[in-house]
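Structural overview for review
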Amino acid sequence: MATLRKLWRNYVFQRLVKAVIVIFAVTTLTFFLVRLMPGNPLEVYINALLSQGVPLADAQAQAAALYHVDLNKPVMLQYVEYLSGVVRGNFGTSITAVGTPVSKLVLQFLPWTLFVVMVSLIISFSVGLLLGMVMAYKRETWFDHLLSAFASVMSSVPNYLVGMLILVYLGVRWKIVDTAAIRGSHSPDIHPGFTLTFFLDALYHATLPILTYVLTTLGHWMLVMKSSTLSTLGEDYVTVARARGLTDARITLAYVGRNAVLPLFTQLALSIGSAVGGSILIETIFTYQGIGSQLSLAMVGRDYPVMQGVFIIITASVVTANLLADMLYSRLDPRIRVQGR
């Protein structure tokens, strides 16, 4: 018992245990929630055939031949079997894409979503920190008021609304972007690989989703960094640094900037997970082939294994990013580790 108590007082061990509990809870909740949705894969497929004029008997026969899955098995038995598979890294096979493992679908489409999310967050986070610090130093000026108004508006507008406005104006009205050519994650004639041609092509197809994420997250980073910088400027160690005759550049970088950015690390980690989770609307609007678009198709077709697998991946990405942020934060600020004990 003494060994367990000592182990539990370890900051890293506590966070790891909590992360595992969260992932298990979300896995369980997701398994049962998706089965509460009206209809199932068989019914959706049969209704689609009926709408095409196929007789009911023929539609049922085609569905039975296509979907080799027993949805009448007791739910608890399905849950135990699924959980045992997840522990072994097996998320099952897709129901609508017969015979395709869920892990294969995730590995195929998740990198495209991560590419968009990571590029957009790097841009918005970096620019937001810079503008937020400038706003704090130039507080109560026209520059501060103008950027504060912009940040407040953009941080309150839903990303899917901004995405639709971008698509309508840049693609339809002003014809700046060819919406037909930009569909998908890359051009059909471009072979994926570590080449400059492929990277530029992928970046071209991801331009509008990246622009949407940047515009809708930039304001948040600006306002948070401004508030954090203002709070840091009032600290005693900043006053002492000025009294010692240190240059403004040295104070800004070594004292103000370093301490003001600390609270933003955890928010950055959470933003990665929330952006991945919210990709379903953005990718649907721009017809971008990422994990969000696959989740949308799975929800329409009631593909339980794919929905469960994607939700688990999203949860794991949020928890892992938050865990890494906690580890980094504890290294940057040792007080966190002490309070954790």
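Presented here is an overview of the structure given in this document. (Residues numbered from 1 in each chain as written. Predicted model: local features only at pLDDT ≥ 70, side-chain atom pairs only at ≥ 80, totals over all residues. Heavy atoms only, no water.)

1. Details of helix α3 (residues 41–51)
Looking at α3, one finds that the buried residues are P41, I46 and L49. Buried residues of α3, viewed axially, fall in a sector of 125°; they line one side. Directly after α3, the chain includes G53, whose backbone phi takes a positive value near 90°. (Buried < 20%, exposed > 50% of the residue type's maximum accessible area, 1.4 Å probe, protein only. Helix = DSSP H or I, 4+ residues; strand = E, 2+ residues; numbered from the N terminus. Arc of directions from axis to C-beta.)

2. So, helix α7 (residues 142–156)
When the terminal C-alpha atoms of α7 are compared, their 21 Å separation across 15 residues agrees well with the 21 Å that a helix rising 1.5 Å per residue should span. Buried within α7 we find D144, L147, S148, A151 and M154. Within α7, the buried residues cover an arc of 140° as seen down the axis, which keeps them to one side. Across from the buried face of α7, at angles greater than 90 degrees, the exposed residues are W142, L146 and S156. (Expected span 1.5 Å × (residues − 1).)

3. Notes on the packing of helix α6 (residues 102–137) against α7
Relative to each other, α6 and α7 sit at 140°, their axes nearing to 8 Å. Here α6 lies oblique to α7, going by the angle between them. Relative to α7, the crossing made by α6 is left-handed. For the pair α6 and α7, contact is made by L131, V134 and M135 and by F143, D144, L147 and S148, respectively. Partitioned by chemical class, the residues of the contact of α6 with α7 number 5 nonpolar, 1 polar and 1 charged. (Axes fitted to C-alpha atoms, helices over the stretch in contact; angles between N-to-C directions. Parallel < 35°, antiparallel > 145°, perpendicular 65-115°, else oblique. Left-handed = near helix turned anticlockwise from the far one by under 90°. Contact = heavy atoms within 4.5 Å. Nonpolar A, V, L, I, M, F, W, Y, C, P; charged D, E, K, R; others polar.)

4. What to know about empty space enclosed by the protein
The final tally for this structure, using the stated rule, is 1 cavity of 30 Å³ or more. Taken together, T113, V116, P209, Y213, S279, I282, E283 and Y288 make up the full set of residues lining the largest cavity. Elements with a minimum of two residues in the lining of the largest cavity: α6, α10 (207–233) and α14 (279–285). With 3 residues, the single largest contributor to the lining of the largest cavity is α14. Counted by class, the lining of the largest cavity contains 5 nonpolar, 2 polar and 1 charged residues. (1 Å grid on protein atoms, 1.4 Å probe; cavity = no way out; pocket = protein on both sides within 12 Å on 5 of 7 lines; lining within 4 Å. Points joined across faces, edges and corners; volume = space filled by probe spheres on them.)

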